[in-house]
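Reading the structure
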Amino acid sequence: MPNPKLRGLSRLARLLGIQTSYYDLQKKRQVATTQSLIAIVAILGHPVATSQDVEDAIARVLRAHWTRGIEPVTVTWEGKAALATVRVPVSSRLLAQCRLQLDGGGEMRWEAPLKNKRGAETAVIDGMRYTTRTLDLPDDLAVGYHTLDVEVDGRTLNTTVLHAPTQAFCNIDRAWGIFLPLYALRTAHTLGNGDFSDLRELSKWAASMGANIVGTLPLLANFLEQPFEPSPYSPASRLFWNELYVDPRRSPDFDSCVPAQIPLASPELCAEFDRIRAEPTLDYQAAIKARRAVLEPLALCTAEQTNTEFTNFLRDHPRIDDYARFRATTEKQGASWQSWPPRLREGTLTKDDYDDDARKYHAYAQWLANKQLGDAAAESSAMLYLDLPLGVHRDSYDVWRERDLFAITASAGAPPDPFFTKGQQWGFPPMKPEAMRATSYRYLRECLRNMMQYAGVLRLDHVMNLQRLFWVPEGHEATDGAYVRYNSEELFAVLCIESQREMCVVVGEDLGVVPTEVRSAMAKHNVQRMSVVQFEANADEPPLGSAPHASVASLNTHDMPTFAAYWNADDVADRQDLGLLDDNGAIEARKDRKNVTRSLARFFKSTQSLKQLPGSARDAVRAALLHLAEGDARFVLINLEDLWQEPLPQNVPGTWQERPNWRRKARYTLEEARELPDVNDILKCVAAARAEKNS
């Protein structure tokens, strides 16, 4: 067993970006254990068992830092002096030859002096003294990713220059929209489960009501066969879409593909689609099997008849075929890639490793997904509000193909808090900060572009990860983790570049206890916050403040009770049933909730000149949404299910088989919902209030 008193371990941890302590919700300082530090240090490439190991690791880290000469990434901001910092021996010549390969083509060459840096750090490495100096870069750079080579004393140093706008894109003052998970959506034409055609109909109806945005849960690829994982926050990839949402009837090839028309017209498959559609919860495995019975013949028809649009799509998106081969191999192996034979596991696939019809199916489904999601985004004046999950399933394509970026022997999570007293392990591997930097954030840029090409607004799950993320080493409890820091400036630079390029507003999920520096950075870079009534309501007077202008205001999120359940304290009974509250705790929780709702009722009556206190959940929903609509928040997002006082949530955090998470369908079809008096009345009032605020 490693010595629990390794000298210098805390210093090594800090050099690697590991926080040795943090402050919890009660503002008490919590210190990371020696064992967790040793485990995370090893994950980051420095296994240590003795104090000498620690000293050697510190020496390696410092040597790499100083001898590399320049950071792998250099950030420069529009409108500010563009500088690069280099680390060179003090005896080096003070003149550098520079070559900058420009994003989009072309290059610049110049000769420039290495300037002394005020307060320059110095260090002696292997008997040689190093110092830091600065290098002026051109002040007329275009926004983008440029490759800089700096030659000093015959040695070439390389860095990627991120020249970024200081703020993310935002051209909206005040707007509003509706939210519903796509798997929960049903229309009169739904083929088993909600799909991109239904999303298009929802967007058109929302726009007709005056809405500016339509929000939903992540639409990314999932494992829906083997392995099976329905959570939209544990995707099979953050680079590809979920074929469950593809409507085969809208394929350009459908009318000419008899092999696809035959199963869709068969009584057996029609009955199966009707059964899936009628069930109150979604049977994912049956749904994807039924949809694939039509999509797979379509893919084979297209392969036999040259489809220029599809062929061009594959040419322009070379990752698609790689992803399709991965998914087809997963199906043939019937197991996670982590248990595949070595050659396959390491990323080399041949035609003998998978069924080629399956490969064609997955590639074709991605083409249709992009095409149909693009149509949903383009054919309505209501923008799509999409959601980028924090991570990916550890069996995902992304981890298989980009494994050097992921800490496979760790899980992202959260430290203990009053609700999750044992902490949380979310199951997906966190990304390694230095590995991301070494690739100039290529993978992150791909993920953002994939989402932003269709999103008018993009929500980033757990925005705090732009600065730090809680790592739990494999074999440890969540109580025995530690925070690992990321380069916030570089991440915000990438975010601002991609946001401005794609003209996409960015929202950061910053709920709960978030360090001050995170929200300061969000404000600096124009990343919108979230303001949620259930999080902020209290029994004081007033019980609710005004949502910040740079925020998305809502009554709840997908991880919270519906507003009716919150108002009636139904969630307290649910927590009691789950064993999260004992009888006394439930009594106190109901008492606290009653005090909060009474205070809210008085507040709504006073601010809206109501004749009587909102007593029912129906009255409270209307009053609360009008309060948000009349407020200063840039966006107001309305959970469509709150408008008919739905009592059941979409997800209960901390549960798995105990609750049908990520499966429950909306109580009403879209056609039924838009005829409900409450739905029409409230949405018209919200639209009017927002319009008046804009006038």
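The structure reproduced in this document is the subject of the present report. (Residues numbered from 1 in each chain as written. Predicted model: local features only at pLDDT ≥ 70, side-chain atom pairs only at ≥ 80, totals over all residues. Heavy atoms only, no water.)

What to know about the environment of Ala-175
Rules: Helix and strand assignments come from DSSP, with helices taken as H or I runs of at least 4 residues and strands as E runs of at least 2, each series counted from the N terminus. Residue contacts follow a heavy-atom distance rule, with two residues in contact if any of their heavy atoms lie within 4.5 Å.
Structurally, Ala-175 can be placed in strand E12 (residues 175-179). Placed 253 residues apart in sequence, Ala-175 and Phe-428 show a C-alpha to C-alpha distance of 34 Å. Setting aside chain neighbours within four positions, we find Ala-175 in contact with Asn-212, Arg-634, Phe-635, Val-636 and Arg-690.

Considerations on the environment of Asp-24
Among the structural elements, Asp-24 can be located in the loop between strand E1 (21-23) and strand E2 (29-31). Separated by 229 residues in sequence, Asp-24 and Asp-253 have C-alpha atoms that sit 56 Å apart.

Focus: the pattern of salt bridges
Applicable threshold: Salt bridge criterion: a side-chain nitrogen from Lys or Arg within 4 Å of a carboxyl oxygen from Asp or Glu. Categorising residues by exposure relies on relative accessible area from a 1.4 Å probe, with only protein chains included: less than 20% of the type maximum marks a residue as buried, more than 50% marks it as exposed, and the intermediate range marks it as partly exposed.
This model, assessed by the stated rule, comprises 53 salt bridges. Arg-99 is the salt-bridge partner of Glu-107, the closest N and O atoms lying 3.0 Å from each other. Arg-99 gets classed as partly exposed once you look at its relative accessible area, which sits at 23%. With its nearest N and O atoms 2.5 Å apart, the salt bridge here joins Lys-115 to Asp-136. Placement of the pair is Lys-115 in strand E7 (residues 115-116) and Asp-136 in strand E9 (residues 128-136), with a sequence separation of 21 residues. The class of Lys-115 is partly exposed, set by a relative accessible area of 35%.

Some details on the side chain of Thr-132
Of note, Thr-132 is situated in strand E9. If we ignore the near neighbours within four places in the chain, the residues touching Thr-132 are Trp-66, Thr-85, Val-86, Arg-87, Lys-117, Ala-120 and Glu-121.

Considerations on the side chain of Thr-20
One can find Thr-20 in the loop between helix H1 (9-15) and E1. Sequence-distant contacts of Thr-20, defined by excluding residues within four places in its chain, comprise Ser-10, Ala-13, Arg-14, Gln-30, Val-31, Ala-32 and Leu-37.

Considerations on the pairing of strand E19 (residues 455-460)
Stated formally: In this description, strands pair whenever DSSP reports at least two bridges between them.
Of all six residues that make up E19, six are buried, and the element is covered over most of its length. Pairing of strand E16 (residues 383-388) with E19 involves five bridges; the strand directions are parallel. Bridging across to E19, Tyr-385 finds its partner in Val-457. Alignment of E19 against strand E22 (residues 505-508), held across four bridges, turns out to be parallel. Considered in E22, the bridge of Arg-459 is made with Val-507.

Quick word on the sheet that holds strand E10 (residues 144-152)
The cut-off we apply is this: For helices, the fitted axis covers only the stretch in contact; all axes are lines through C-alpha atoms, and the angles between them, taken along N-to-C directions, range from 0 to 180 degrees.
One open sheet accounts for five strands, arranged E3-E11-E10-E5-E6; its pairing is mixed. In this open sheet, the two edge strands, each paired with only one partner strand, are strand E3 (73-77) and strand E6 (107-113). The average undirected angle you get between the axes of adjacent strands in this sheet is 30°. In this sheet, strand E11 (residues 155-164) lies alongside E10 in antiparallel orientation, the contact comprising nine bridges. Pairing of Glu-151 across the sheet is with Thr-156, part of E11.

As for the sheet that holds E12
The parallel open sheet is built from eight strands, whose spatial order is E22-E19-E16-E13-E12-E25-E24-E23. What marks the edges here is a single partner per strand, and that holds for E22 and strand E23 (529-532). Put simply, the sheet's adjacent strands are angled 25° from each other on average, direction ignored. Those strands touched by helix H23 (residues 677-694) are E12 and strand E25 (635-639), and its axis lies near 155° from that of E12.

Thoughts on the packing of aromatic side chains
To describe a pair of aromatic rings, you give the distance between the ring centres and the angle between the ring planes. Applicable threshold: Between rings of Phe, Tyr and Trp, where Trp is taken as its six-membered ring, a pair exists when centres lie within 6.5 Å; planes separated by under 30 degrees are stacked, by over 60 edge-to-face, and by other angles tilted. The rule is short: NZ of Lys or CZ of Arg within 6 Å of the ring centre and within 35 degrees of the ring normal puts a charge over the ring.
Applying the stated criterion across every chain yields a total of 26 aromatic pairs. On the numbers, 5.6 Å between centres and 50° between planes, the contact of Tyr-233 with Trp-662 is tilted. In this pair, Tyr-233 sits in the loop between strand E15 (228-229) and helix H5 (258-265) while Trp-662 sits in the loop between E25 and helix H22 (670-673), placing the two residues 429 residues apart along the sequence. Pairing Phe-326 with Tyr-397 gives two aromatic rings, centres 5.6 Å apart and planes at 70°, and the pair type is edge-to-face. Residue Phe-326 is located in helix H9 (residues 319-333), and its partner Tyr-397 is located in helix H12 (residues 397-401); the two are separated by 71 residues in the primary sequence. Accessibility assignment for this pair places Phe-326 and Tyr-397 in one class, buried. Directly above the aromatic system of Tyr-483 lies the positively charged group of Arg-468, at a separation of 3.8 Å from the ring centroid.

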